[in-house]
Amino acid sequence: MTRVLQQGSEAVADAAIAAGCRFFAGYPMLPFTELLEHMSRKLPGAGGVCINADTEIEAVNMALGAAATGARAATGSCGQGIALMQEAVAEAALNELPLVIFNMARGQQDYFQATRGGGWGDYRTITYAPKDVPEAIEHTYLLFHLADLHRTPVVMYGDYIIAHTHVGVEPSVPDLGPLPTKEWALDGSMGGTGRARQIWTWDRGKPNTPGLGPDAHWKDVAAKYDRIDQTEARSEQRLVEDAEVVIASWGTTATVVDYVVDELRADGVRIGSFRPLTLWPFPGAAFARAVAGASRVLVYELNAGQMLDDVRIHAPDRSAVRFIGSVSQDQTGMRQGDLLDAAVVRDRVLSALKEGS
Amino acid sequence: MTEMRLIAPSSPALLQSPDHELCPGCGHPVAWRQVLEVVEELGIADRTIIVVGHGCYTQMMIRSDLDSLQCLHGRGPAVATGVKRMLPDAIVITLSGDGDMVSEGLAEVLHAAGRAERITSLLFNNGVFGDTGGHMTASTVVGQRTKTSLSGRDPEQHGYPIDVSRLLANVEGTAYVGRGAVNTAGLVARTKRMVKRALQLQMEGAGFTFVEVLTMCPTGWFVPTAAGPEYLEEAMMATYGIGELKAPEA
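As the structure is a prediction and not an experimental result, all values here were calculated from the model.

## What about the overall build of chain A?
Part 1 of the argument: Looking only at helices and strands, one finds 12 helices and 17 strands in chain A.
Part 2 of the argument: Here chain A has a C-alpha radius of gyration of 21 Å; the compact-globule value for 357 residues is 21 Å, and the two agree.
Part 3 of the argument: Seen through its C-alpha atoms, chain A measures out along the principal axes to roughly 75 × 45 × 40 Å.
Part 4 of the argument: Burial analysis of chain A (357 residues in total) assigns 55% to the buried set.
Part 5 of the argument: In chain A, 78% of the contacts between residues at least 6 apart in sequence involve partners at least 24 apart.

## Observations regarding the domain arrangement of chain A
All names here are of chain A.
Part 1 of the argument: Assigned domains of chain A: these are domain 1 (4-169) and domain 2 (235-354).
Part 2 of the argument: Look at where the C-alpha atoms of domain 1 and domain 2 centre, and you get two points 26 Å apart.
Part 3 of the argument: The interface of domain 1 with domain 2 comprises 23 residues on the first partner and 21 residues on the second.
Part 4 of the argument: Those elements that provide at least two residues to the side of domain 1 that touches domain 2 are α5 (111-115), β6 (126-128), β7 (153-159) and α7 (160-164).
Part 5 of the argument: Along the lines of polarity and charge, the residues of the side of domain 1 that touches domain 2 split into 12 nonpolar, 6 polar and 5 charged.

## Focus: the confidence of the model for chain B
Part 1 of the argument: For chain B, per-residue confidence averages 95 on the pLDDT scale, and 99% of positions sit at 70 or higher.
Part 2 of the argument: This prediction of the complex comes with two scores: 0.96 for pTM and 0.96 for ipTM.

## Topic: the interface of chain A and chain B
Part 1 of the argument: Every contact between the two is made by 37 residues of chain A and, on the other side, 33 residues of chain B.
Part 2 of the argument: Counting only elements with at least two residues in the side of chain A that touches chain B, the list comes to β2 (21-26), α3 (56-68), α4 (79-94) and β9 (198-199) of chain A.
Part 3 of the argument: The element best represented in the side of chain A that touches chain B is α3 of chain A, accounting for 9 residues.
Part 4 of the argument: One ladder, built from 2 bridges, connects β9 of chain A with strand β2 (residues 67-70) of chain B; its direction is parallel. Residue pairing across strands places Gln198 of chain A opposite Ser68 of chain B, the latter belonging to β2 of chain B.

## Describing the nonpolar core
Part 1 of the argument: Counting residues in each nonpolar core, the largest one holds 188 residues, and the members touching the most others are Ala63, Leu64, Leu99, Val246 and Ile247 of chain A together with Val51 and Val83 of chain B.
Part 2 of the argument: Among the elements that make up this core, the one with the highest residue count is α3 of chain A (9 residues).
Part 3 of the argument: In terms of domain composition, this core takes at least three residues from each of domain 1 (4-169) and domain 2 (235-354) of chain A.
Part 4 of the argument: Every residue in contact with Val51 of chain B, bar those within four places of it in the chain, is listed here: Gly65 of chain A together with Leu69, Cys71, Gly76, Val79, Ala80, Val83, Val92 and Thr94 of chain B.

## Description of the environment of Ala46 of chain A
Part 1 of the argument: Within the fold, Ala46 of chain A resides in the loop between α2 (33-42) and β3 (49-52).
Part 2 of the argument: Along the sequence, Ala46 of chain A and Met104 of chain A sit 58 residues apart, while their C-alpha atoms lie 23 Å from each other.

## Notes on the pairing of β3 of chain A
Residue and element names in this part refer to chain A.
Part 1 of the argument: Pairing analysis gives 4 bridges linking β2 to β3, with the strands arranged parallel. Looking at the pairing, Gly26 lines up with Asn52 of β3.
Part 2 of the argument: A crossover connection joins β2 to the parallel β3 through α2; in handedness this β-α-β unit is right-handed.

## Here we look at helix α8 (residues 185-203) of chain B
Residues and elements named next belong to chain B.
Part 1 of the argument: Across its 19 residues, α8 extends 27 Å between first and last C-alpha, which sits within 8% of the 27 Å expected from 1.5 Å per residue.
Part 2 of the argument: Within the span of α8, buried status applies to Leu187, Thr191, Lys192, Met194, Val195, Arg197, Ala198, Leu199 and Gln202.
Part 3 of the argument: The secondary structure elements touched by the buried residues of α8 are α1 (28-42), β3 (91-97), β4 (120-125), β5 (174-181), β6 (208-214) and β7 (243-246).
Part 4 of the argument: One or two residues past the end of α8 sits Gly205, with phi positive at roughly 75°.

Rules and cut-offs
- Residues numbered from 1 in each chain as written.
- Chains lettered and ligands numbered in written order.
- Predicted model: local features only at pLDDT ≥ 70, side-chain atom pairs only at ≥ 80, totals over all residues.
- Helix = DSSP H or I, 4+ residues; strand = E, 2+ residues; numbered from the N terminus.
- Rg over C-alpha atoms; globule rule 2.2 N^0.38 Å.
- Buried ≥ 20, exposed ≤ 12 C-beta atoms within 10 Å, placed from the backbone.
- Contact = placed C-beta atoms within 7 Å.
- Domains from an automatic or database assignment.
- Nonpolar A, V, L, I, M, F, W, Y, C, P; charged D, E, K, R; others polar.
- pLDDT = per-residue confidence, 0-100.
- Pairing = 2+ DSSP bridges.
- Core = buried A, V, L, I, M, F, W, Y, C linked by C-beta atoms within 7 Å.
- Right-handed = clockwise from strand over helix to strand, strands pointing away.
- Expected span 1.5 Å × (residues − 1).

So this is what it looks like as structure tokens:
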């Protein structure tokens, strides 16, 4: 396999197309814009369609329509545009349409948006937060697979580092196993047969083929998200076996944190790290095991404390948890600010360790 | 005694059940019946997908024997775009009321027309949010009483209605724009011909096609049921003229 130098956005676009994505719609917005550009350039050649939509609301609804035909469909934006899409994300969750959403975020302040629903009704979105471009490629394949497997909207939480960094990649399509056929997909062929199909969040069905109705259907959907919560959480941990302190972080920020962890280990500090690959479902059980022997749990993320909530929910001892992150945005508003820096992380870790010791 | 003779089935073949939960005097079922009959006559029932917005007409979709996708309020033409682009041979029809399309979803229908999407969008316009119990929409005509314009729509306070058909007729991407009504038998028949023309043009891949149908909502208009057709003519037709606003040469 040839190794090629690619921008992250292009690598993700290639992975999406290789994964079978045949419909993409988006509204340009940095740092998501390049993904839309690459899709508009490459999808037609792969037999697909890319639409430069006129609003984010239209983009996500177009993708939803494409998904209803059984096609692999995706959209994306950054957090601000994805805020506009939330109603349709909820719709996809509750009428069980597979949809992949790329959030090339402007920072780390959309954790709640990605993990707490955000639209209406009881639902969650499986959310992968890659730390770098190779992982983003891997997650792209996985997300299309999981969307189909669970019939749910899923999110990739990227950022400008993933979108804009050029790295050498070796494209290869993983075999993720079989998927159920999409018997629910609409193609118009059932009209006039007495058994026409209906897709609706209320699952009312039609007189000859009644659905469950909203109460039973929404209970089923909620139970599905409970199952996903039990089975789909993924995480990575480093050097936690003898760690007195464990630092939790996510996404590209985790690469800086791990650099600091290695530095401090070299200085003799018994520190380890924990990183959720899935922000939802949050890998709570793995996290609890990783911090079981630690007297201090630190959380570093570039927001006012969002993953912090999940850490507190799952920490065996909440009093051990300290938040050492902060909102940090550069002056363009497009990317993380000064606190995405190893020296800052190191200082904050050391200050937290001095406190109360 | 006059001999009774059945000249047409009492219920279109593409309904799974003739029941509905709409009010007496509602014009929507009359309008929808024309669509179902045209789909049947054109022989396209086995490749038609209906994308339906939110309003009283949602009830009719449940009972129609056509593949259907219930979408978010106002977003039908965007959803239908995704459907049609993935299934170019399907006949894709969106159904909206004036609240769904003119109030909530004006951007979606205009942009779909601009892109010349090969879909047919239907607007059942009764000038009122019937589903919520009679509130003002962006197509409520001047002087019309609603629960949020009790003394009648006043341009000083509420502005003016938006005539979507006229807007769309000026968009390059539209192939057909027709406006009918269902308050008289003659107009019902004319409306059916408009729907047929629009769907035939979609089958030919002509561009975005659009039919607006003025429908009665005596409940939302606060008029006696029997007065609905007359009120439609007096109140709505002065603002919304009937006819083909844009059509290719026959």
